[in-house]
Amino acid sequence: MIIKHQEKIASPEIIQSRYEDLGYICSHSVATAIYLACHLQKPILIEGPPGVGKTELAKVTATYLNAPLIRMQCYEGLDESKALYEWKYGKQLLYTQVLKEQLGDVLRGARGLDESIARLHDFGDIFYSQDFLEPRPLLQALQSEDGAVLLIDEIDKADQEFEAFLLELLSDYQVSIPEIGTVKAISTPIVMLTSNNTRELGDALKRRCLHLYIPFPDAALESRILATQVEGLESQLREQIVALIGKLRDMPLKKSPAVSETIDWARALLLLNVEELDSHWVKETLNLLLKFQDDIELVEPEIAALLKSLR
Amino acid sequence: MRFVADFIGALREAGLNVSPAESLDALKAIKLLGLESRESSKTVLALTLVKRQADQVIYEELFDLYFAGVGKAKTSVKESNKPSYK
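Residues numbered from 1 in each chain as written. Chains lettered and ligands numbered in written order. Predicted model: local features only at pLDDT ≥ 70, side-chain atom pairs only at ≥ 80, totals over all residues.

Peer 1: Sorry if this is basic, but what is going on with the overall build of chain B here?
Peer 2: The secondary structure content of chain B amounts to five helices and zero strands. Of all 86 residues assigned to chain B, the portion counted as buried reaches 28%. Of the contacts formed within chain B by residues at least 6 apart in sequence, a portion of 49% connects residues at least 24 apart. (Helix = DSSP H or I, 4+ residues; strand = E, 2+ residues; numbered from the N terminus. Buried ≥ 20, exposed ≤ 12 C-beta atoms within 10 Å, placed from the backbone. Contact = placed C-beta atoms within 7 Å.)

Right under this line is the structure:
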């Protein structure tokens, strides 16, 4: 990708501080990953628990580099025709109609079958050509003139076959379309893949990518995230929220509260005009943090003790 | 650079499958960002060399050993820590 402002990616520190200006607080390793992805032109595979800002990272990178974000959500059964390209059947049908009408003109005066076929060949075959190609996200990313940020979201949800299909794109930034040939990237896109680890990805895919693991943020980082994301939140309440979330993550829950849930919760508490965490409000709003009834039942009796331990 | 190559050798001995292409990536990355900052080197090498979250623990241990004192670390990795990884 041609990055117009090289100074933007001059060092990981610059990336870290500029992302902060855009409202994305990240650790040094996240900034380093973006830096290396830009300079080495390698895809990044981002893993980590849901809700730590993996998808958000791709969005903020696109904004920062002034590049279009092309997003492809993966799911079971995703195939080439949805991910790469499709033929415009309707237009192809119309083309055959037009061809049929023109056929008389083309073949007029031809003697014998051989000459007719030769003339047909000369007529040129555009049935399978760029004109009838409907680009899907992967092809769009390769054809984007000024480069793009390509987000392949939740790659672990796609089948292994699809993973194998991606290998050519990830290592050489090109894809093969049988009827046309190899399509190379006009400008190398920045590729980010995210995975929630529902299955182990293949070694071949991992070898082609930088591997970034984003864990739950530590208390200081999470507090800074809350400060930028939730305006008007008093620092005392903020520290209480972060501390309580930290305690919850230490408990054996089915699904630990993620950063996105911390933010939702903080916003809700702000709307409810809560000034200090107490048992009543925590109990009332617990369903914003915990998405399984089992988890809620596990935490509810502990609320008083948890709050006490914060003081 | 020799130093990084040695470290990659130690990772391989500890059971991480580091491919030649990945080693090359690590060297390129180190060339860009240097080895001066310990924290930065740790991040850079992890991004390029450690592809499975399960390997992270071994990696961190080895890194700390290696970057604490080069000569000393090498022998201690080989003698005391190697068997436990196998």
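Peer 1: How should the overall build of chain A be read in this particular structure?
Peer 2: Within chain A, the regular secondary structure consists of 15 helices and nine strands. When burial is assessed residue by residue, chain A has 32% of its 311 residues classed as buried. In chain A, of all internal contacts separated by at least 6 residues, the share reaching a separation of at least 24 is 76%.

Peer 1: Which parts of the structure should I look at to understand the pairing of strand β1 (residues 44-47) of chain A?
Peer 2: Look at any regular strand and the pattern is simple: side chains alternate between the two faces of the sheet. All names here are of chain A. Of the two faces of β1, the one holding I44 and I46 and the one holding L45 and E47 are both buried throughout. Two elements, β1 and strand β8 (residues 190-195), share four bridges in a ladder whose sense is parallel. Within β8, the residue paired with E47 across the bridge is S195. Here β1 pairs with strand β9 (residues 210-213) via four bridges, running parallel. For I46, the partnering residue across the bridge sits in β9 and is L212. (Pairing = 2+ DSSP bridges.)

Peer 1: What am I meant to see in the packing of helix α2 (residues 28-40) of chain A against helix α2 (residues 20-33) of chain B here?
Peer 2: Packed helices, taken two at a time, are described by their axes: the angle between them and the distance between them. At a minimum axis separation of 11 Å, α2 of chain A and α2 of chain B run at an interaxial angle of 105°. One element, α2 of chain A, and the other, α2 of chain B, form an angle in the roughly perpendicular class. Here L36, H39 and L40 of chain A of α2 of chain A lie close against α2 of chain B, whose contacting residues are D25, K28, A29 and L32 of chain B. For the contact of α2 of chain A with α2 of chain B, the per-class residue count stands at four nonpolar, one polar and two charged. (Axes fitted to C-alpha atoms, helices over the stretch in contact; angles between N-to-C directions. Parallel < 35°, antiparallel > 145°, perpendicular 65-115°, else oblique. Nonpolar A, V, L, I, M, F, W, Y, C, P; charged D, E, K, R; others polar.)

Peer 1: Just to check I follow, could you spell out the nonpolar core for this structure?
Peer 2: Among soluble globular proteins, nonpolar side chains are generally buried collectively. All names here are of chain A. With 89 residues, the main nonpolar core has A33, I44, L138, V149, M192, L210 and L212 as its most contacted residues. In terms of residue count, α2 provides more of this core than any other element does, seven residues in total. Built from parts of two domains, this core gets at least three residues from each of domain 1 (6-76 + 143-213) and domain 3 (219-310). (Core = buried A, V, L, I, M, F, W, Y, C linked by C-beta atoms within 7 Å. Domains from an automatic or database assignment.)

Peer 1: For this particular structure, what's the right way to read the domain arrangement of chain A?
Peer 2: Quite often, the size of an interface is put as the accessible area lost when its parts meet. By domain assignment, chain A separates into domain 1 (6-76 + 143-213), domain 2 (85-131) and domain 3 (219-310). Here domain 1 of chain A and domain 2 of chain A have C-alpha centroids that lie 42 Å from each other.

Peer 1: Just checking my understanding: could you explain the environment of T188 of chain A for this structure?
Peer 2: Residue and element names in this part refer to chain A. As for its position among the elements, T188 is in the loop between β7 (181-184) and β8. On the basis of neighbour counts, which here come to 16 C-beta atoms within 10 Å, the residue T188 falls in the partly exposed class. Residues T188 and A141, spaced 47 residues apart in sequence, show a C-alpha to C-alpha distance of 8.5 Å.

Peer 1: Is there a simple way to explain unusual backbone geometry in this structure?
Peer 2: Residues and elements named next belong to chain A. Here E154, not a glycine, exhibits a phi torsion of approximately 55°, which is positive. Residue position: E154 is located in the loop between β5 (149-153) and α8 (160-172). Owing to 19 C-beta atoms within 10 Å, E154 belongs among the partly exposed residues under this scheme.

Peer 1: When you look at the packing of helix α11 (residues 235-250) of chain A against helix α12 (residues 259-271) of chain A in this model, what are you seeing that I'm missing?
Peer 2: Residue and element names in this part refer to chain A. Across the interface, α11 lies against α12 with an axial gap of 11 Å and an inter-helix angle of 140°. Classified by the interaxial angle, the pair formed by α11 and α12 is oblique. Note that α11 runs across α12; the crossing there is right-handed. Taking contact as the criterion, the partners of L237, I241 and I245 in α11 are, on α12, T262, W265, A266 and L269. Residues that form the contact of α11 with α12 fall into these classes: six nonpolar, one polar and no charged. (Left-handed = near helix turned anticlockwise from the far one by under 90°.)

Peer 1: Help me understand the pairing of β7 of chain A, please; the structure alone is not making it clear to me.
Peer 2: Residues and elements named next belong to chain A. Two elements, strand β6 (residues 174-177) and β7, share four bridges in a ladder whose sense is antiparallel. Following the sheet pairing, I177 is matched in β7 by G181. Following β6, the chain reverses through three residues before pairing antiparallel with β7.

Peer 1: Is there a simple way to explain the interface of chain B and chain A in this structure?
Peer 2: Of the residues lining the interface, 16 residues belong to chain B; the matching set on chain A comes to 15 residues. Mapped by element, the contributors of at least two residues to the side of chain B that touches chain A are α2 and α3 (38-49) of chain B. Class assignment of the residues belonging to the side of chain B that touches chain A gives a composition of six nonpolar, five polar and five charged.

Peer 1: Help me out: how do you make sense of the environment of A10 of chain A in this one?
Peer 2: All names here are of chain A. In this structure, A10 sits in the segment before α1 (12-21). For A10, a count of 11 C-beta atoms within 10 Å corresponds to the exposed category. The spacing of A10 and F127 is 117 residues in sequence and 47 Å in space, taken between C-alpha atoms.

Peer 1: Before we go on, may I ask you to explain the sheet that holds β1 of chain A in this structure?
Peer 2: Backbone-to-backbone hydrogen bonds pair the strands of a sheet. The strands run either parallel or antiparallel. All names here are of chain A. Here we have five strands laid out as an open sheet, ordered β2-β5-β8-β1-β9, and parallel in their pairing. Bordering the open sheet on either side are β2 (69-73) and β9, each of which pairs with just one other strand. On average, adjacent strands in this sheet sit at an angle of 20° to one another, irrespective of strand direction. Inspection of the sheet shows β2 paired to β5 by five bridges, in the parallel sense.

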